[in-house]
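Each chain is listed here by its residues.
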Amino acid sequence: MSLDLLGRDFAWNDIRINEWSLADSLAASTDSIARLEWNAIDLELAGQNLDSATLILDLGRERQSLSLLSLLGDYRLEAGVAGRWHDSTASLQDLEWSGRLDPLLVSSRDNVLVGLREPAGLAFSRRAAALQQSCLGGIESSSLCISADWQDSGRLSIGAELTALPLVWLSSLAGLEWEMDQLASGRADVYLQGGDVSGEAVLALSPGRVTLAEAEEALFETGEGFLGFRLESGSLTGGKIELPISGQGGINADFQLGDIGAGLDSSLDGSAKLNLADLDVFSVFFPMADELGGRLDADLL
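Every value quoted in this text rests on a predicted model; they were computed, and no experiment measured them.

Visitor: Mind laying out the overall build of the protein chain, listing which residues take part and the relevant values?
Guide: Each helix and strand in the protein chain was counted, giving one helix and 22 strands. Residues classed as buried in the protein chain amount to 25% of the 301 residues present. For the protein chain, the accessible area works out to roughly 18,900 Å², and carbon and sulfur atoms hold 56% of it.

Visitor: I'd love a proper account of the pattern of salt bridges, names of residues and values included.
Guide: Counted under the stated rule, the structure contains ten salt bridges. Between Glu19 and Arg8 there is a salt bridge, with its nearest N and O atoms 3.0 Å apart. Taken together, the positions of Glu19 in strand β2 (residues 15–25) and Arg8 in strand β1 (residues 2–12) put the pair eleven residues apart, joining distant regions of the chain. Arg8 sits in the exposed class, given a relative accessible area of 54%. We note a salt bridge from Glu232 to Arg230, for which the minimum N-O separation is 3.7 Å. Residue class for Glu232 comes out partly exposed when judged on its relative accessible area of 44%. Sharing partners across several salt bridges, the network here consists of Glu161, Arg187 and Asp189.

Visitor: Please set out the state of the cysteines residue by residue, giving values where relevant.
Guide: The term disulfide refers to a covalent linkage connecting the sulfur atoms of a pair of cysteines. Inspection of every chain in the model, using the stated rule, returns one disulfide. At a sulfur-sulfur separation of 2.1 Å, the disulfide partner of Cys135 is Cys145. The S-S bond linking Cys135 to Cys145 shows a torsion near 110 degrees; that makes this disulfide right-handed. Taken as a pair, Cys135 in strand β10 (residues 128–137) and Cys145 in strand β11 (residues 143–151) lie far apart in primary sequence, ten residues in all.

Visitor: Outline the nonpolar core, listing residues and values.
Guide: Judged by nonpolar contacts, Ile17, Ala40, Leu43, Leu50 and Ala53 together constitute the single largest core of five residues. In this view, Ala40 contacts Ile17, Glu19, Trp20, Asp51, Ser52 and Ala53; residues no more than four positions away in its chain are not counted.

Visitor: Outline the environment of Gly47, listing residues and values.
Guide: You can see Gly47 is positioned in the loop between β3 (32–45) and β4 (48–60). Along the sequence, Gly47 and Arg16 sit 31 residues apart, while their C-alpha atoms lie 9.2 Å from each other.

Visitor: Lay out the pairing of strand β5 (residues 64–72) with the relevant residues and their values.
Guide: Relative to β5, β4 runs antiparallel, the two sharing eight bridges. Note that in β5 the partner of Leu55 across the bridge is Leu68. Between β4 and β5, which pair antiparallel in sequence order, lie three residues. Of the pairings in the sheet, the one linking β5 to strand β6 (residues 75–85) comprises nine bridges and is antiparallel in character. In the sheet register, Ser65 faces β6, and the bridge partner there is Ala82.

Visitor: So what about a nonpolar patch on the surface? Which residues, and what values?
Guide: On the surface, Leu144, Ile146, Ile158 and Leu192 cluster together into a nonpolar patch covering about 260 Å² of accessible area. For Leu192, the location among the structural elements is in strand β14 (residues 183–193). Overall, Leu192 belongs to the partly exposed group, its relative accessible area being 32%.

Visitor: Can you explain the packing of aromatic side chains? Please cite residues and give values.
Guide: Tallying each qualifying case throughout the model produces two aromatic pairs. Here Trp85 and Phe124 contribute two aromatic rings whose centre-to-centre distance is 6.0 Å and whose plane-to-plane angle is 80 degrees, an arrangement assigned as edge-to-face. You can see Trp85 sitting in strand β6 and its partner Phe124 sitting in strand β9 (residues 120–125), a full 39 residues away along the chain. Residue classification places Trp85 among the partly exposed residues on the basis of a relative accessible area of 29%. Seen in terms of ring centroids, Trp97 and Phe124 are 5.4 Å apart; in terms of plane orientation they differ by 25 degrees. Their pairing is stacked. One end of the pair, Trp97, is in strand β7 (residues 96–108); the other, Phe124, is in strand β9, with 27 residues separating them in the sequence. Accessibility expressed as a relative area gives 7% for Trp97, which makes it buried. Residue Phe124 is classed as partly exposed on the basis of its relative accessible area of 38%. These aromatic residues form a ring-pair network of at least three members: Trp85, Trp97 and Phe124.

Thresholds, definitions, all that
Residues numbered from 1 in each chain as written. Predicted model: local features only at pLDDT ≥ 70, side-chain atom pairs only at ≥ 80, totals over all residues. Heavy atoms only, no water. Helix = DSSP H or I, 4+ residues; strand = E, 2+ residues; numbered from the N terminus. Buried < 20%, exposed > 50% of the residue type's maximum accessible area, 1.4 Å probe, protein only. Areas by Shrake-Rupley, 256 points an atom, 1.4 Å probe, with all protein chains shown as cover. Salt bridge = Lys/Arg side-chain N within 4 Å of Asp/Glu carboxyl O. Disulfide = S-S within 2.5 Å. Core = buried A, V, L, I, M, F, W, Y, C linked by side-chain atoms within 4.5 Å. Contact = heavy atoms within 4.5 Å. Pairing = 2+ DSSP bridges. Patch = residues over 30% accessible without salt bridge, like charges linked within 9 Å, V, L, I, M, F, W, Y side chains within 5 Å. Phe/Tyr/Trp six-rings, centres within 6.5 Å; stacked < 30°, edge-to-face > 60°.

Limitation: the analysis is restricted to geometry and does not speak to function.
So, in structure tokens, the structure goes:
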């Protein structure tokens, strides 16, 4: 028994698909219940255009898997999960599934740009879900490790650890006119419970240069920088920024924010010290200003 569906010009919210197909076919294995393959050509997801995408769901009595392949020009995204139900005869309330995430990678012309360093454990049930530490490695020694745990009490905890991430990647993705060659390393732990957000994070920046795109001479250089914050029930109870700027001075700030959800209406307490010898160097960050110059020394309390 097989099923083939074809469609064109599908649209729903921020999803647009020019052509798609869905096929269902039973494999020769007696373990297989169904195998669904969904293909899409020329699609748009939340403003991001993709050449094609393929999802394959393989349902077996002993093992289940889901795989994704997406193409955009020379770039290729592959992801997959596979595992099994602990007791397929259990009631819906008692069903538990566990498996692993593997692969997860982005490549270009057969060169892996970012990839999962080793399979990561994954489990879920009606009462809980967990992703064991999964580490993505990229070019050179950079990596990002993430773990997550959810309980039906409503508590969600997420941990992330960043090692030597080149900030030039971020400036390129954001389409900025300047480039930063600093490396960022740090850790963040976030906890959500009943609408409240708590957690803390620290981020260290290596010394580096800030330059205009494709320019050889640096606008300015920075020393070792630091960014840290602590959240308690939606309030920023501690924040700190340290960024020395060679030949300019630097930025040093300690602050607290009463309610991050209130935005500009939130109360702000703390202190900041700014010492910038030549504001013209920073004019690239303020395109709305026709001319920017002079020296800035400020102590804000």
